[in-house]
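A look at the structure
What follows is each chain in one-letter form.
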Amino acid sequence: MIAPYNCVVVANGSFPQTTLPLRLLHEASVVIACDGSVEALDKAGITPAAIVGDLDSIPSRFREHYADRIHIVEDQEINDLTKSIRFAYRTGQQEVLILGATGLREDHTLGNISLLMDYAPLFHRVEILSDYGIFTPVRQTTTLASEPGTQVSLFSLAPFGTISTTGLRWPIRNRQLTKWWQGTLNEATGNDFTITLSPDAQIIVYRTL
């Protein structure tokens, strides 16, 4: 379901444990570490191409070992994930997969998922993958791959926009989703489904693996 990504950004949440995210991580040509995630990458035998952040959570031994690839960004108005994503954009990456953005602190998880919509205009493709599913930002009418029985949840970040769906067990027809729960716990009926959006709608789609 998920095509390989050239660039993977690893946040400092739950490090992936399952086969798919680990495979995509090891296959990536460019791995960017968000500050403290460098420790988990080191344990996995992966050397990041860059380490980005304010360095408030990176052990001192890695500061010395990776001194040639550390990029300090002290801006406290944005988190280390956004700093790393902006670094990926500045260095010409067009497709970025984010790992380690969920788990551990729930406030970080919610914030990171919502930031996907800010990242979407920067890249041809950007998604968050966990051990359980994948989050995809959708800003226009889009068809996404699935399998029969794939669990699907839709989260609206622009509640005044309207959405419709085809290919889901419980169709949504020209509806505004004004609460996060309203588009959750649906199910794909075939090998793809389509989300039709009004111009002012913004949806983050979650699909189980």
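Located above this text is the structure these notes cover.
Residues numbered from 1 in each chain as written. Predicted model: local features only at pLDDT ≥ 70, side-chain atom pairs only at ≥ 80, totals over all residues. Heavy atoms only, no water.

Turning our attention to the overall build of the protein. What the protein contains, in helices and strands, is five helices and 13 strands. On C-alpha atoms alone, the protein measures out to a radius of gyration of 18 Å, which is about the 17 Å that the 2.2 N^0.38 rule sets for 209 residues. Overall, the C-alpha framework of the protein stretches about 55 × 35 × 30 Å when taken along its three principal axes. Per-residue burial for the protein yields a buried fraction of 51% across its 209 residues. Considering only residue pairs separated by 6 or more positions, the protein has 61% of its internal contacts joining residues 24 or more positions apart. Total accessible area computed for the protein in this model is approximately 10,400 Å², and 49% of it derives from carbon and sulfur atoms. Computed over 16 positive and 22 negative side-chain charges, the separation of the two mean positions in the protein equals 5 Å. (Helix = DSSP H or I, 4+ residues; strand = E, 2+ residues; numbered from the N terminus. Rg over C-alpha atoms; globule rule 2.2 N^0.38 Å. Buried < 20%, exposed > 50% of the residue type's maximum accessible area, 1.4 Å probe, protein only. Contact = heavy atoms within 4.5 Å. Areas by Shrake-Rupley, 256 points an atom, 1.4 Å probe, with all protein chains shown as cover. Lys, Arg positive; Asp, Glu negative; His and termini not counted. Charge placed at Lys NZ, Arg CZ, Asp CG, Glu CD.)

Attention now goes to the pairing of strand E7 (residues 133–138). Two faces, one strand: in a regular strand the side chains alternate between the faces of the sheet. Of all six residues that make up E7, six are buried, and the element is covered over most of its length. As paired elements, strand E6 (residues 125–129) and E7 share two bridges and run antiparallel to each other. Counterpart to Ile 128 in the pairing with E7 is Phe 135. The loop that links E6 with its antiparallel partner E7 comprises three residues. (Pairing = 2+ DSSP bridges.)

Once that is clear, we can look at unusual backbone geometry. For Leu 104, which is not glycine, the phi torsion reads 60 degrees and is therefore positive. Within the secondary structure layout, Leu 104 lies in the loop between strand E5 (95–99) and helix H5 (106–119). A relative accessible area of 62% means that Leu 104 is categorised as exposed. A positive phi angle, near 50 degrees, is found at Asn 174, a position not held by glycine. Given a relative accessible area of 59%, Asn 174 falls into the exposed group.

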